[in-house]
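What the coordinates show
Below, each chain spelled out in residue letters.
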Amino acid sequence: VQLQASGGGLVQAGGSLRLSCAASGRTFSRLAMGWFRQAPGKERELVAAIGWRDDRTYYTDAVKGRFTISRDNAKNQVYLQMNTLIPEDTAVYYCAGHNKSISFYYPEMTRYEYWGQGTLVTVSS
């Protein structure tokens, strides 16, 4: 499976962006997916995750109520709708996938087998 993230850009604080992650391969619907972000000088962190059937979601506390993760298995896409953006959301955002069955999300990067190339989100104050 290959992943390609897109949709990043420059936005003012309070604005919105929608990130997309396109997947190739027929096994996408069996992957749990996540969005990570990495700000300058910081470690990559899990922002949101979604189970393979779109029935379970996870959000880190910093984005709860502002970000929404969703997926469309028919289109091999996963999305991250980001609203009420703040400067602290500035980072490179990565989509990632795994096929482990114990949990649909893991905070550790090493648990994810598939990664997109990253898309830069910059929020100006």
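The sections below set out a description of the structure shown in this document. (Residues numbered from 1 in each chain as written. Predicted model: local features only at pLDDT ≥ 70, side-chain atom pairs only at ≥ 80, totals over all residues. Heavy atoms only, no water.)

A look at the packing of aromatic side chains
- In this structure the tally under the stated criterion is six aromatic pairs.
- On the numbers, 5.0 Å between centres and 85° between planes, the contact of Phe36 with Tyr112 is edge-to-face. In this pair, Phe36 is assigned in strand S4 (residues 32–38) and Tyr112 in the loop between strand S9 (91–98) and strand S10 (114–115), connecting sequence segments 76 residues apart. For the pair Phe36 and Tyr112, a shared accessibility class is recorded, and that class is buried. (Phe/Tyr/Trp six-rings, centres within 6.5 Å; stacked < 30°, edge-to-face > 60°. Helix = DSSP H or I, 4+ residues; strand = E, 2+ residues; numbered from the N terminus. Buried < 20%, exposed > 50% of the residue type's maximum accessible area, 1.4 Å probe, protein only.)

Let's talk about unusual backbone geometry
- Unusually for a residue other than glycine, Asn76 sits at a positive phi of about 55°.
- Its place among the elements puts Asn76 in the loop between strand S7 (67–72) and strand S8 (77–82).
- Classification of Asn76 by relative accessible area gives buried; the value is 19%.
- Positive phi values are uncommon outside glycine, yet Thr84 reaches one of about 45°.
- Of note, Thr84 is situated in the loop between S8 and S9.
- On the basis of relative accessible area, Thr84 is assigned to the partly exposed category, the value being 45%.

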